[in-house]
Amino acid sequence: MASLRCRRDPCGVICLILTYFSVFYADYVVVQYVLIPTYSGSVWCTLHGSVFNLILLLLLACHSRAVFSDPGMVPLPDTAIDFSDLRSQSSRMNERGCEGWTVCSRCETYRPPRAHHCRVCQRCIRRMDHHCPWINNCVGELNQKYFIQFLFYTGVASLYSMVLVVSAWVWRIRNEREGDAEKEGEETPSKHLIVAHYIILLVESVLFGVFVMVIFYDQLVSIITDETPIEQMRNRLMIKDRGPSSSSSSSPSSSQLPHHPSHTRKPKLALLREVFGRGSVFCWLLPLHSSPPSVGGIAYSALPDYNV
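What counts, and at which threshold
Residue positions are counted from 1 within each chain, in the order its sequence is given. At least 70 in pLDDT is required for a residue's local features to be given in this predicted model, at least 80 for side-chain atom pairs to be given and counted, and no such filter applies to totals for whole chains, interfaces and linings, which use all residues. The side-chain quantities take in all heavy atoms of the structure and omit both hydrogens and water. A run of H or I in DSSP counts as a helix once it spans at least four residues, and a run of E counts as a strand once it spans at least two, with each numbered from the N terminus. Pairs of residues are marked as contacts when any of their non-hydrogen atoms sit within 4.5 Å. The Shrake-Rupley method, run with a 1.4 Å probe sphere, supplies the accessible areas, and residue values consider only the shown protein chains as cover. Definition used for salt bridges: Asp or Glu carboxyl oxygen within 4 Å of a side-chain nitrogen of Lys or Arg. Relative accessibility thresholds used throughout: buried, under 20% of the residue-type maximum; exposed, over 50%; partly exposed, between the two (1.4 Å probe, protein chains only). Expected span, for any helix, means 1.5 Å times one less than how many residues it has. Think of it this way: the bend at a residue is just the angle between two axes, each fitted to seven residues, one set ending at that residue and the other starting at it. The pairing test for Phe, Tyr and Trp rings, Trp by its six-membered ring, is centres within 6.5 Å, and the orientation test on the planes gives stacked under 30 degrees, edge-to-face over 60, and tilted for anything in between. The term nonpolar core refers to a set of buried residues drawn from Ala, Val, Leu, Ile, Met, Phe, Trp, Tyr and Cys, joined through side-chain atoms within 4.5 Å. Under the rule applied, a polar contact is a pair of N or O atoms within 3.5 Å (in protein, one hydrogen donor and one hydrogen acceptor; residues adjacent in sequence only if both atoms are side-chain atoms). Pairing between strands requires that DSSP locate at least two bridges from one strand to the other. Residues form patches when they are more than 30% accessible in relative terms and have no salt bridge. Like charges link within 9 Å. Nonpolar side chains (Val, Leu, Ile, Met, Phe, Trp, Tyr) link within 5 Å.

A. Just the overall build of the protein chain, in detail. The secondary structure content of the protein chain amounts to eight helices and six strands. Counting from the amino terminus, the protein chain carries its helices and strands in the arrangement α-α-α-α-β-β-β-β-β-β-α-α-α-α. In the protein chain, 71% of the contacts between residues at least 6 apart in sequence involve partners at least 24 apart. Per element, the accessible surface of the protein chain, about 17300 Å² overall, is 63% carbon and sulfur.

B. Representation of the pattern of salt bridges within the structure. Taken as a whole and judged by the stated rule, the model has two salt bridges. Between R126 and E141 there is a salt bridge, with its nearest N and O atoms 2.8 Å apart. Pair noted here: R126 is in strand 4 (residues 123–126) and E141 is in the loop between strand 6 (137–139) and helix 5 (144–177), with a separation of 15 residues, a long-range link. Overall, the relative accessible area of 15% leaves R126 in the buried class.

C. Representation of helix 2 (residues 10–39) in the model. With 30 residues, helix 2 extends 42 Å from end C-alpha to end C-alpha; this agrees with the ideal 44 Å at 1.5 Å per step. Taken as a whole, helix 2 carries its principal kink of about 30 degrees at V30. Just downstream of helix 2 lies G41, where phi reads positive at about 80 degrees.

D. Representation of the packing of aromatic side chains in the model. All chains considered together, the criterion is met by nine aromatic pairs. With 6.2 Å between their ring centres and 40 degrees between their planes, F152 and F216 make a pair best called tilted. Residue F152 is located in helix 5, and its partner F216 is located in helix 6 (residues 181–224); the two are separated by 64 residues in the primary sequence. By relative accessible area, F216 is classed as buried at 18%. Linked through ring pairs, W134, F208 and F211 together constitute an aromatic cluster.

E. Fine view of the nonpolar core. Among the nonpolar cores identified, the biggest contains 45 residues, and V34, L35, L59, I135, Y198, I223 and F276 are the most heavily contacted of them. Of all the elements, helix 5 adds the most residues to this core, at 11 residues. Those residues in contact with V34 that sit more than four places away from it in its chain are V29, Y39, L164, V165, A168 and Y198.

F. Representation of the side chain of N143 in the model. One can find N143 in the loop between strand 6 and helix 5. A distance of 3.3 Å separates a polar side-chain atom of N143 from the backbone oxygen of A66. Setting aside anything within four residues of it in sequence, one finds N143 in contact with A66, S69, D70, P71, I135, N137 and C138.

G. Seen up close, the environment of F216. On a C-alpha basis, the gap between F216 and L151 in space is 6.0 Å, while along the polypeptide they are 65 residues apart. Not counting chain neighbours up to four residues away, the residues in contact with F216 comprise I148, L151 and F152.

H. Quick look at unusual backbone geometry. Although it is not a glycine, R127 sits at a positive phi angle of roughly 45 degrees. Along the chain, the position of R127 falls in the loop between strand 4 and strand 5 (130–132). Classification of R127 as buried rests on a relative accessible area of 10%. Despite not being glycine, D226 has its phi angle at roughly 55 degrees, a positive value. Within the secondary structure, D226 sits in the loop between helix 6 and helix 7 (229–249).

I. Quick peek at the pairing of strand 4. Residue alternation in strand 4 divides its side chains into two sets, R123 and I125 and C124 and R126, and both sets are buried. Note that strand 3 (residues 115–118) and strand 4 share four bridges and pair antiparallel. Of the residues in strand 4, the one forming a bridge with C118 is R123. Turn length for the strand 3-strand 4 hairpin, with the two strands adjacent in sequence and antiparallel, is four residues, and the turn residue Q122 shows positive phi of about 60 degrees.

J. Main features of a nonpolar patch on the surface. On the surface, V43, W44, L47 and V51 cluster together to form a nonpolar patch covering roughly 390 Å² of accessible area. Inspection of the secondary structure puts V51 in helix 3 (residues 43–68).

Below, the structure is given as structure tokens:
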């Protein structure tokens with residue numbers, strides 16, 4: 001399968017290992033060095049432990065769906081396609097409602113509008129956002145929902161762990177100030193180890209929390225504006241290449257960027273539902289399967305109807 005090619009990326013494999021190691025390490029520190037010493041014998045220990053592990057479970061579930069789901073790979077043709085007469089093929093495709101389809105010279109196939117080639121996966125991905133090494137997969141039309149959910153739960157887990165560590169640290173300092181010298185002497189050998197775990201977890205939570213929240217915001221903006229980062233970059237380059245003189249002399253119709261001719265502005269809620277599904281908003285937080293989105297409101301087949 002083509003998806004197995006993606007998992008051979010060394011950088012992606014390392015990022016996967018680092019992701020799972022960070023999650024399990026955070027769970028170990030929170031349970032062993034935060035909840036048990038601080039809330040031992042209290043209902044808060046069970047409550048915080050259950051909620052935190054539920055968040056981590058959803059995080060891992062969303063991450064697994066993002067890793068192993070098809071991002072929207074354009075199927076390869078069973079037989080080689082003749083591209084010797086691209087002009088006539090393009091005119092016939094436009095007449096049959098396949099306007100916006102392009103040819104990928106690497107995959108040697110036709111690809112639908114807004115599809116781009118990924119050099120790591122070595123395939124064309126429908127509405128490709130970017131290739132993410134943290135999921136060792138592309139973020140595309142069919143798995144962007146799981147990727148955003150993974151970012152959301154990673155941010156929540158980071159914030160939650162920071163709150164628990166700070167509260168446990170304050171509790172420990174307050175107990176030391178109460179002056180139980182004998183108890184303090186017993187805890188001295190492990191005190192430095194506990195503080196080291198606190199610092200490592202805080203640094204991990206801050207780094208991952210800020211990192212995923214920035215990407216999470218960028219993903220939402222990309223959905224609401226209905227423009228992927230690749231399309232944004234290409235449009236900026238096209239505007240830059242045109243220059244102010246050419247843009248001012250051109251007509252309004254010619255000034256529009258033809259990255260997807262049939263693309264029209266949609267309501268923000270409709271754009272969000274195309275990614276997260278048309279069910280309840282509560283289901284947007286769960287890694288549940290949703291119906292594949294469509295381009296321009298019209299579903300398209302894997303390959304256009306043309307004669308070869």
